[in-house]
Amino acid sequence: MSSKTGQSLVLKELEALFSESKSSVQQGLEACCSLLRERYDHYDWVGFYFADFKSKTLHLKAFSGQPTEHTSIPFGKGICGQVAVSNQNFMVPDVQEQENYIACSISVRSELVVPLFFKGENIGQIDIDSNQKDPFSSEDEQLLEACCALISETYGSSLLSL
Ligand code: SME
(Lines give C-alpha, C1' and ligand atoms only; values in the text may rest on other atoms or scores of the structure.)
Protein backbone atom coordinates (compact mmCIF):
# COMPACT_ATOMS: atom_id res chain seq x y z
CA MET A 1 0.00 0.00 0.00
CA SER A 2 1.41 3.40 -0.94
CA SER A 3 1.67 6.01 1.78
CA LYS A 4 -0.84 8.18 -0.15
CA THR A 5 -3.39 5.37 -0.05
CA GLY A 6 -2.55 4.84 3.61
CA GLN A 7 -3.14 8.51 4.32
CA SER A 8 -6.48 8.65 2.59
CA LEU A 9 -7.60 5.55 4.51
CA VAL A 10 -6.60 7.17 7.80
CA LEU A 11 -8.51 10.32 6.81
CA LYS A 12 -11.57 8.20 6.00
CA GLU A 13 -11.26 6.55 9.41
CA LEU A 14 -11.04 9.97 11.03
CA GLU A 15 -14.16 11.14 9.19
CA ALA A 16 -16.03 8.11 10.47
CA LEU A 17 -14.80 8.72 14.03
CA PHE A 18 -15.82 12.37 13.87
CA SER A 19 -19.27 11.61 12.56
CA GLU A 20 -19.73 9.15 15.47
CA SER A 21 -18.69 11.81 17.97
CA LYS A 22 -20.03 14.84 16.13
CA SER A 23 -21.61 16.32 19.25
CA SER A 24 -18.49 15.98 21.39
CA VAL A 25 -15.41 17.86 20.31
CA GLN A 26 -13.53 16.40 23.25
CA GLN A 27 -14.27 12.83 22.22
CA GLY A 28 -13.42 13.58 18.61
CA LEU A 29 -10.04 15.07 19.49
CA GLU A 30 -9.18 12.20 21.83
CA ALA A 31 -10.19 9.60 19.23
CA CYS A 32 -8.05 11.39 16.65
CA CYS A 33 -4.98 11.36 18.93
CA SER A 34 -5.38 7.64 19.66
CA LEU A 35 -5.95 6.70 16.02
CA LEU A 36 -2.95 8.61 14.69
CA ARG A 37 -0.69 7.21 17.40
CA GLU A 38 -1.91 3.69 16.63
CA ARG A 39 -1.53 3.99 12.84
CA TYR A 40 1.97 5.53 12.72
CA ASP A 41 4.95 3.91 14.47
CA HIS A 42 6.87 7.17 14.55
CA TYR A 43 4.06 9.02 16.40
CA ASP A 44 4.89 8.41 20.07
CA TRP A 45 2.85 11.28 21.50
CA VAL A 46 -0.02 13.08 19.80
CA GLY A 47 -1.81 16.07 21.30
CA PHE A 48 -3.92 19.13 20.59
CA TYR A 49 -3.23 22.51 22.13
CA PHE A 50 -5.72 25.37 21.76
CA ALA A 51 -5.06 29.08 22.18
CA ASP A 52 -6.39 31.40 24.85
CA PHE A 53 -5.90 34.73 23.14
CA LYS A 54 -6.53 36.78 26.32
CA SER A 55 -3.71 35.19 28.32
CA LYS A 56 -1.64 34.42 25.19
CA THR A 57 -1.17 30.80 26.21
CA LEU A 58 -1.81 27.42 24.66
CA HIS A 59 -3.72 24.76 26.61
CA LEU A 60 -3.52 21.02 26.16
CA LYS A 61 -7.03 19.74 25.44
CA ALA A 62 -6.50 16.15 24.28
CA PHE A 63 -3.58 13.78 23.93
CA SER A 64 -2.48 10.17 23.56
CA GLY A 65 0.82 9.03 25.08
CA GLN A 66 2.66 9.81 28.30
CA PRO A 67 1.06 12.53 30.41
CA THR A 68 3.00 15.81 30.28
CA GLU A 69 3.34 18.58 32.84
CA HIS A 70 3.36 21.11 29.97
CA THR A 71 -0.40 21.55 29.79
CA SER A 72 -0.08 25.30 29.41
CA ILE A 73 2.50 26.99 27.15
CA PRO A 74 2.96 30.76 26.63
CA PHE A 75 2.87 32.02 23.02
CA GLY A 76 6.45 32.18 21.72
CA LYS A 77 7.82 29.48 24.07
CA GLY A 78 8.94 26.10 22.77
CA ILE A 79 8.06 24.68 19.38
CA CYS A 80 4.33 24.90 20.11
CA GLY A 81 4.48 28.50 21.32
CA GLN A 82 6.44 29.51 18.22
CA VAL A 83 3.78 27.98 15.95
CA ALA A 84 1.10 29.96 17.83
CA VAL A 85 2.90 33.09 16.61
CA SER A 86 4.24 32.05 13.19
CA ASN A 87 1.06 30.30 11.90
CA GLN A 88 3.37 27.89 10.04
CA ASN A 89 4.16 24.20 10.31
CA PHE A 90 7.29 23.55 12.36
CA MET A 91 9.21 20.34 11.66
CA VAL A 92 12.08 19.59 14.04
CA PRO A 93 14.23 16.64 12.89
CA ASP A 94 16.38 16.79 16.05
CA VAL A 95 15.08 18.51 19.17
CA GLN A 96 18.59 18.65 20.65
CA GLU A 97 19.47 21.27 18.04
CA GLN A 98 16.64 23.61 19.06
CA GLU A 99 17.28 26.29 21.66
CA ASN A 100 13.66 27.31 22.10
CA TYR A 101 12.34 23.85 22.92
CA ILE A 102 10.36 22.52 25.89
CA ALA A 103 11.25 18.89 26.69
CA CYS A 104 8.27 16.74 27.65
CA SER A 105 10.25 13.52 27.94
CA ILE A 106 13.91 12.61 27.53
CA SER A 107 13.02 9.93 24.99
CA VAL A 108 11.65 12.46 22.48
CA ARG A 109 14.05 13.08 19.56
CA SER A 110 11.94 14.98 17.04
CA GLU A 111 8.71 16.92 16.77
CA LEU A 112 6.19 18.17 14.21
CA VAL A 113 3.63 20.87 14.97
CA VAL A 114 0.92 21.92 12.48
CA PRO A 115 -1.48 24.82 13.16
CA LEU A 116 -5.24 24.39 13.13
CA PHE A 117 -7.17 27.22 11.47
CA PHE A 118 -10.79 28.24 11.93
CA LYS A 119 -12.04 30.98 9.59
CA GLY A 120 -8.44 31.75 8.71
CA GLU A 121 -7.31 32.18 12.32
CA ASN A 122 -4.69 29.98 13.98
CA ILE A 123 -6.69 28.77 17.01
CA GLY A 124 -4.71 25.69 17.96
CA GLN A 125 -2.37 23.01 16.76
CA ILE A 126 -1.62 19.33 16.56
CA ASP A 127 1.69 18.33 18.12
CA ILE A 128 3.48 15.06 17.31
CA ASP A 129 6.50 13.87 19.29
CA SER A 130 8.64 11.03 18.03
CA ASN A 131 11.28 8.95 19.78
CA GLN A 132 13.02 8.55 16.40
CA LYS A 133 15.42 11.09 14.94
CA ASP A 134 14.33 12.75 11.68
CA PRO A 135 11.29 10.54 10.93
CA PHE A 136 8.93 13.19 9.48
CA SER A 137 8.36 14.13 5.85
CA SER A 138 6.06 16.40 3.87
CA GLU A 139 3.58 13.50 3.84
CA ASP A 140 3.20 13.81 7.60
CA GLU A 141 2.62 17.54 7.15
CA GLN A 142 -0.04 16.90 4.48
CA LEU A 143 -1.79 14.33 6.65
CA LEU A 144 -1.83 16.58 9.72
CA GLU A 145 -2.97 19.61 7.68
CA ALA A 146 -5.86 17.53 6.30
CA CYS A 147 -6.64 16.26 9.78
CA CYS A 148 -6.76 19.79 11.23
CA ALA A 149 -8.92 20.99 8.31
CA LEU A 150 -11.35 18.12 8.91
CA ILE A 151 -11.57 18.94 12.63
CA SER A 152 -12.19 22.59 11.83
CA GLU A 153 -14.95 21.70 9.32
CA THR A 154 -16.56 19.17 11.63
CA TYR A 155 -16.55 21.04 14.92
CA GLY A 156 -16.40 24.67 13.80
CA SER A 157 -16.97 27.31 16.47
CA SER A 158 -17.26 24.75 19.31
CA LEU A 159 -13.46 24.56 19.08
CA LEU A 160 -13.38 28.11 20.44
CA SER A 161 -14.99 27.17 23.75
CA LEU A 162 -12.96 24.11 24.66
N1 SME B 1 7.99 20.08 22.97
C2 SME B 1 6.93 21.06 22.96
C3 SME B 1 6.17 21.04 24.26
C4 SME B 1 4.99 20.14 24.25
S5 SME B 1 5.40 18.52 24.45
O6 SME B 1 6.11 18.08 23.24
C7 SME B 1 4.10 17.58 24.73
C8 SME B 1 7.49 22.43 22.68
O9 SME B 1 8.71 22.62 22.64
O10 SME B 1 6.68 23.33 22.53
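Everything below is about the structure printed above this text.
Residues numbered from 1 in each chain as written. Predicted model: local features only at pLDDT ≥ 70, side-chain atom pairs only at ≥ 80, totals over all residues. Heavy atoms only, no water.

Moving on, we come to the packing of aromatic side chains. Taken as a whole and assessed by the stated rule, the structure comprises 7 aromatic pairs. Between Trp-45 and Tyr-49 the ring centres are 6.5 Å apart and the planes differ by 40°, which places this aromatic pair in the tilted class. Geometrically, the ring pair formed by Phe-48 and Phe-50 is stacked, given 6.4 Å between the ring centres and 20° between the ring planes. Overall, Phe-50 belongs to the buried group, its relative accessible area being 4%. Three or more aromatic residues joined by ring pairs form one cluster here, namely Tyr-40, Tyr-43 and Phe-136. (Phe/Tyr/Trp six-rings, centres within 6.5 Å; stacked < 30°, edge-to-face > 60°. Buried < 20%, exposed > 50% of the residue type's maximum accessible area, 1.4 Å probe, protein only.)

Helix H4 (residues 138-155) packs onto helix H2 (residues 25-39) with a crossing angle of 165° between their chain directions and a minimal axis gap of 11 Å. On the basis of the axis angle, H2 is roughly antiparallel to H4. For the element pair H2 and H4, the recorded crossing hand is right-handed. Here Val-25, Gly-28, Leu-29, Cys-32 and Leu-36 of H2 come into contact with H4, specifically with Leu-143, Leu-144, Cys-147, Ile-151 and Tyr-155. The class makeup of the residues in the contact of H2 with H4 is 9 nonpolar, 1 polar and no charged. (Axes fitted to C-alpha atoms, helices over the stretch in contact; angles between N-to-C directions. Helix = DSSP H or I, 4+ residues; strand = E, 2+ residues; numbered from the N terminus. Parallel < 35°, antiparallel > 145°, perpendicular 65-115°, else oblique. Left-handed = near helix turned anticlockwise from the far one by under 90°. Contact = heavy atoms within 4.5 Å. Nonpolar A, V, L, I, M, F, W, Y, C, P; charged D, E, K, R; others polar.)

With that settled, the discussion passes to the pairing of strand S5 (residues 110-118). Most of S5 is tucked away, with 8 of its 9 residues classed as buried. Here S5 runs beside strand S6 (residues 121-130); their pairing, made up of 9 bridges, is antiparallel. Within S6, the residue paired with Val-114 across the bridge is Ile-126. Following S5, the chain reverses through 2 residues before pairing antiparallel with S6; Lys-119 in that reversal takes a positive phi of roughly 50°. (Pairing = 2+ DSSP bridges.)

Taken together, Trp-45, Tyr-49, Ile-73, Gly-78, Ile-79, Cys-80, Tyr-101, Ile-102, Cys-104, Glu-111, Asp-127 and Asp-129 are the residues near the ligand. In this structure, an oxygen atom belonging to the ligand sits 3.4 Å away from a side-chain N or O atom of Asp-127. Here an oxygen atom of the ligand sits 2.8 Å away from a polar atom, N or O, in the side chain of Asp-129. Burial of the ligand by the protein chains amounts to 100% of its free accessible area of 310 Å². Mapped onto the shell around the ligand, the elements with two or more residues apiece are strand S1 (45-52), helix H3 (78-86) and S6. No other element matches the 3 residues that H3 contributes to the shell around the ligand. For the shell around the ligand, the per-class residue count stands at 8 nonpolar, 1 polar and 3 charged. (Near = heavy atom within 4 Å. Polar contact = N/O pair within 3.5 Å; in protein donor to acceptor, adjacent residues only side chain to side chain. Areas by Shrake-Rupley, 256 points an atom, 1.4 Å probe, with all protein chains shown as cover.)

Below, the discussion takes up the nonpolar core. Ranked by internal contacts, the top residues of the largest apolar core, which has 32 residues, are Leu-14, Leu-36, Tyr-43, Phe-48, Ile-126 and Ile-151. Every element with two or more residues in this core is listed here: helix H1 (3-20), H2, S1, S5, S6 and H4. It is H4 that contributes the most residues to this core, 7 residues altogether. When near neighbours in sequence (up to four residues on either side) are disregarded, Leu-36 contacts Val-10, Tyr-43, Val-46, Ile-126, Leu-143, Leu-144 and Cys-147. By size, the runner-up hydrophobic cluster in this structure holds 15 residues, among which are Tyr-49, Leu-60, Cys-80 and Tyr-101. (Core = buried A, V, L, I, M, F, W, Y, C linked by side-chain atoms within 4.5 Å.)

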